[in-house]
Structures are given as C-alpha cells and as structure tokens.
Amino acid sequence: MLTVRAPATSANLGSGFDVFGVALERPADVVRLEKADRVTIEMTGAGSQYIPEDPDKNTVGAVAEALDAPARIQIDKGVRPASGLGSSAASAAAAAVGLNELYDRGYSREELVPIAAKGEAVVSGDAHDDNVAPSILGGFTIATEKGVTQVDADIPLVACLPDIVVSTRDARNVVPETARIDQMVETVGNAAALTTGMHRDDPELVGQGMHDTVVTPARAKLIDGYEQVREAALAAGATGVTISGAGPTVIAACAEEDRRKIASTMLDAFGERGVDARVYQTRIGRGAEVF
Ligand SMILES: Nc1ncnc2c1ncn2[C@@H]1O[C@H](COP(=O)(O)OP(=O)(O)OP(=O)(O)O)[C@@H](O)[C@H]1O
Ligand SMILES: N[C@@H](CCO)C(=O)O
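Just so you know, these numbers come straight off a predicted model, no measurement behind them.

As a structural note, the neighbourhood of ligand 1 is formed by 21 residues, with Lys77, Ser83, Gly86, Ser88 and Thr168 the closest of them. In this structure, Tyr50 approaches ligand 1 through a main-chain N or O atom, which is 3.3 Å from an oxygen atom. One of the backbone N or O atoms of Ser83 is found 2.9 Å from an oxygen atom in ligand 1. When each cavity is represented as a set of grid points, ligand 1 is found to reside in the largest pocket. Per-element tally for the shell around ligand 1: the top contributor is helix α2 (residues 87-102), with three residues.

Take a look at the structure:
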C-alpha cells in the first residue's frame, strides 16, 4: 500500500489562461493505492458523493489505464469537485505519481504530466496540463504545447470557495472566441509581470500580473458576488484578485501580514450576498508527495 498527497492547484492566475498554474500548500487529496487485478475506486471526503467510482468516469481510471497499472484506489478528497481548485486534477496527479512508483514504470515527474492530463480529458473533454502540472511538480508552472516550465515560488495566497458549483465545461462555454489587440498587449504585459514576480517571490508584481480583461469578466457572471469579494479583498490589502481556474473559487495574492484580514473580508463579502463560503489561508507549495 502506498499513500500519495497531491495538492489543490489554481490555474490561469488571470493573465495565464490555460497556461499558468500554482500548487497550493493546502488543501490536498490523499490517495492510497495497492496493486490489484483490475481498477477499483473508493471515494470519501469533500464532495465525494458527487464523484463517480466508475473507472471510466473518474480521472484516476484513465491514468491507471495509461500506465497499464490496475490497482485498488482509495481517494480521500480534500478538494471539493467543481471548485476551481483542480479537484479532478489532484486525484489524477496522485494516481500518476503513485502508480508510477507502485509499478516501477520509471517515468520522470515531467513525463507524468501528460499522463495525468489524460484523466482531465475524462471530465472536461480536453487534456489540460495547467492543474496537473503544478499538482505533480509543485511551485509555479507554465504549460505550453512545448512542455512545462516549473519555477519554485513562495507567495502567500487566500482561496475563498463559495457554496456555488461551476463546472469547467460550463465555464469554458462562456470564454470569448476573440480578443482585441489592446487586450492582447495588456495580457502579455501582465503575464510577463506575473512570471517575473514568481521568480522574485514578489507578491506586488504577481498581484499586478493577475489582472485580466478577456476571460475573467465573462466568467465572473457565473459567480454571485465576485465583484464585491474582489473589491473587498483589494481594499483589505490583496495585491491581486482573480478567479481560480474555472471558478467559483476566488483567489487573492498578498503579503503574509495581510492574509488573515483578507480571508475574513472575503468570507464577509460573500456572506453579505447570502452566499456561504469557506476560506483557505495558504501559499504556493510543493507537488505530490509519496509516503
Ligand atoms: N477523482 C476525481 N476528483 C474530483 N472530481 C472528479 C474525479 N473524477 C471525476 N470527477 C468529476 O470531475 C468534475 C469536476 O471537475 P472540474 O474540472 O469541473 O472541477 P475542478 O477540478 O474542481 O476545477 P478546475 O479544473 O476548474 O480547477 C465533477 O463532475 C466530478 O464528478
Ligand atoms: N484552464 C482551465 C482550468 C480548468 O480546468 C480553465 O480555466 O478552463
């Protein structure tokens, strides 16, 4: 029996739609695996009642098939599904790292990223790397068609998850098909600022680079209270605020000393809209760990 802890992740970070991602120190999925004749899946934890245990419908099933690694897989969800915190990716990342070790397949962490992404294809129809890459590698990741670049970074974050469900499929349907040239120029500048900020562990620059006028405004309409929560977090000292992944989690970058105040302010702002929420005071963290 092998145990893997794979972290939640936040994709996009505003200016890096389908490209940027970060691993969060918490929450995380904990997955236990042991060799078996066929794949079986048992789910417990946050939102597990909504997740199919059928290997054809669960992200870990596709990973086990890709690695030709049948196993009894027990998943304890720390990351609620349809959260924007890479819930489906955390399980897939844990399965890829764990089954690779259990069956001694010999893949590097980088090579496991596209394998784990096959699990993501099961739920969103597309094999995105931007959640599985940070969940496997940790830190800040840049996923392009050429592969993944990873940077260790240390930025305090607040992730506020409202009691709203946004599926990745629905959130992808509202993404505009085109952008104006001035929006493209702004996005390139912000993405460059954010990347530099990650290299320097600079929350100011990272927050500045999270601004996005293309995808985020379209998706914000799916999250009741988004604008109010964003404004409240900025007023409490957040250096940048955006939608985490496909939402509904709202994520803020900040200095360490402002994190607690920002967290309670975001909860209050959702509360004022009558929306229950929970908040994670977290930071950029490590990738999947095997115990
Ligand atoms: N192991 C798994 N863990 C979580 N969700 C799973 C798993 N396997 C299949 N699913 C399905 O995936 C869907 C959730 O994935 P989705 O991509 O919409 O959300 P997310 O992973 O939390 O968010 P995001 O990718 O935006 O960060 C749900 O329909 C859920 O039933
Ligand atoms: N980049 C993806 C992340 C969710 O899988 C999106 O925002 O749709």
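Resuming the write-up.
The subject of this paragraph is the site of ligand 2. All residues in the neighbourhood of ligand 2 are listed as Ala11, Asn12, Phe17, Asp18, Asp130, Asn131, Thr168, Arg172, Arg219, Gly245 and Ala246. Contact between ligand 2 and Asn12: an oxygen atom at 2.7 Å from a side-chain N or O atom of the residue. At a separation of 2.6 Å, an oxygen atom of ligand 2 approaches a polar side-chain atom of Arg172. Against a free-state accessible area of 260 Å², the protein chains account for coverage of 96% of ligand 2. Judged by its atoms lying within 2 Å of the grid points, ligand 2 is housed in the largest pocket.

Mapping Pro248 onto the fold places it in the loop between β8 (240-243) and β9 (250-253). Considered as a pair, Pro248 and Leu161 are 87 residues apart in the sequence and their alpha carbons are 6.5 Å apart. Discounting chain neighbours no more than four positions away, the residues touching Pro248 are Arg80, Ala82, Ser83, Gly84, Cys160, Leu161, Pro162, Ile164, Val166 and Ile223.

Conventions adopted
Residues numbered from 1 in each chain as written. Chains lettered and ligands numbered in written order. Predicted model: local features only at pLDDT ≥ 70, side-chain atom pairs only at ≥ 80, totals over all residues. Heavy atoms only, no water. Near = heavy atom within 4 Å. Polar contact = N/O pair within 3.5 Å; in protein donor to acceptor, adjacent residues only side chain to side chain. 1 Å grid on protein atoms, 1.4 Å probe; cavity = no way out; pocket = protein on both sides within 12 Å on 5 of 7 lines; lining within 4 Å. Sits in = over half its atoms within 2 Å of the grid points. Helix = DSSP H or I, 4+ residues; strand = E, 2+ residues; numbered from the N terminus. Areas by Shrake-Rupley, 256 points an atom, 1.4 Å probe, with all protein chains shown as cover. Contact = heavy atoms within 4.5 Å.

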